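Understanding the architecture of this molecule
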Amino acid sequence: MTMPDAPASALFSRDAENYDAPRRRLIPCFDAFYGAALTLIAEGRSAQAIDVLDLGAGTGLFSAMILAQQPVGRLCLLDGSAAMLDQARARFAGLDSIDYRIADMTGADLGGGWDVVVSSLAIHHLPDEAKRGLYRRVRAALKPGGLFVNAEQVAGPTPTADARYARLWLEQIRKLGVPEPEVEKALQRMSYDLCAPVGLQLQWLEEAGFSDVDCSFKAWRFAVLSGRA
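For clarity, every value in this text was computed on a predicted model and none was experimentally measured.

Attention now goes to the pattern of salt bridges. Proximity of charged atoms lets side chains of opposite charge pair with each other. Inspection of the entire model under this criterion finds 9 salt bridges. Asp51 is the partner of Arg74 in a salt bridge, and the nearest nitrogen-oxygen pair spans 3.5 Å. Taken as a pair, Arg74 in strand S2 (residues 72-79) and Asp51 in strand S1 (residues 50-55) lie far apart in primary sequence, 23 residues in all. Taking relative accessible area as the criterion, Asp51 reaches 17% and is therefore assigned buried. Here Glu207 makes a salt bridge to Arg132, at a shortest N to O gap of 2.9 Å. In this pair, Glu207 sits in helix H9 (residues 198-207) while Arg132 sits in helix H6 (residues 128-141), placing the two residues 75 residues apart along the sequence. Here Glu207 falls in the partly exposed class, since its relative accessible area comes to 46%. A cluster of three or more residues bridged by salt bridges with shared partners is formed by Glu129, Arg132 and Glu207.

As structure tokens, then:
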């Protein structure tokens, strides 16, 4: 996710056409990470279509996984980069029911009545106070009992842990064969990250009024956070 006119916006727009291809190698725990998020969304759901808002949707990668898993009624993809949403439009060509919104998630009208609000590797671009405000607004946008799932990049609880996360990530992606030019592009994008520790974010979700708050998956810097309205 990028915000209009934000310094990182040009980097995400620059990389939009080739953003998805290296995802599995840049997220070493890709299957388990997204699998945990999808399990949460599928848990307790009937065959009835769900209404989904995807914040910082980018190219629509996470939404595509949700669509492949279960019926979806309304689907809104919100992102600050027009180029990223152009890739999403190409991905979902022929699906006319999808709403694409170019907007800054920190101030956008999130609407209401959503069964599920999701975000994937996006909210960590926001300052902490903006994260807290967004969690409150997501809570208000969900139906009673609705679910928020944030598949996120997080900070370590201490500077030592955070340095460990960064070192291990570089070791893992290089072992998976990510070429150095792609590593450099990823590091450029990540230079704008404002990650927060899991413990703080769970606290913020509870303060926003969520129940059943949990971190159901964590592998170093990748974590799946959730809560119910």
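Note that S2 and strand S3 (residues 98-102) share 5 bridges and pair parallel. Residue Cys76 lies in a different strand from S3, and its bridge partner there is Asp99. Regarding the hand of the β-α-β motif, the stretch spanning S2, helix H5 (residues 82-91) and S3 is right-handed.

Taking 1.5 Å as the rise per residue, helix H7 (residues 159-175) with 17 residues should run 24 Å; its terminal C-alpha atoms sit 24 Å apart, in good agreement. Those residues of H7 that sit buried are Ala161, Tyr165, Leu168, Trp169 and Ile173. End-on view of H7: buried residues confined to an arc of 125°, all on one side of the axis. In H7, the exposed residues that point more than 90 degrees away from the buried face are Pro159, Thr160 and Lys175.

Contact geometry for H7 and helix H8 (residues 180-190): axes closest at 11 Å, N-to-C directions at 150°. The angle between the axes of H7 and H8 places the two elements in the roughly antiparallel class. Judged by the sense of rotation from one axis to the other, the crossing of H7 with H8 is right-handed. Counted together, Trp169, Leu170, Ile173 and Arg174 of H7 and Glu180, Val183, Ala186, Leu187 and Met190 of H8 form the full contact between these two elements. Grouping the amino acids of the contact of H7 with H8 by side-chain chemistry returns 7 nonpolar, no polar and 2 charged.

Parameters and conventions
- Residues numbered from 1 in each chain as written.
- Predicted model: local features only at pLDDT ≥ 70, side-chain atom pairs only at ≥ 80, totals over all residues.
- Heavy atoms only, no water.
- Salt bridge = Lys/Arg side-chain N within 4 Å of Asp/Glu carboxyl O.
- Helix = DSSP H or I, 4+ residues; strand = E, 2+ residues; numbered from the N terminus.
- Buried < 20%, exposed > 50% of the residue type's maximum accessible area, 1.4 Å probe, protein only.
- Pairing = 2+ DSSP bridges.
- Right-handed = clockwise from strand over helix to strand, strands pointing away.
- Expected span 1.5 Å × (residues − 1).
- Arc of directions from axis to C-beta.
- Axes fitted to C-alpha atoms, helices over the stretch in contact; angles between N-to-C directions.
- Parallel < 35°, antiparallel > 145°, perpendicular 65-115°, else oblique.
- Left-handed = near helix turned anticlockwise from the far one by under 90°.
- Contact = heavy atoms within 4.5 Å.
- Nonpolar A, V, L, I, M, F, W, Y, C, P; charged D, E, K, R; others polar.

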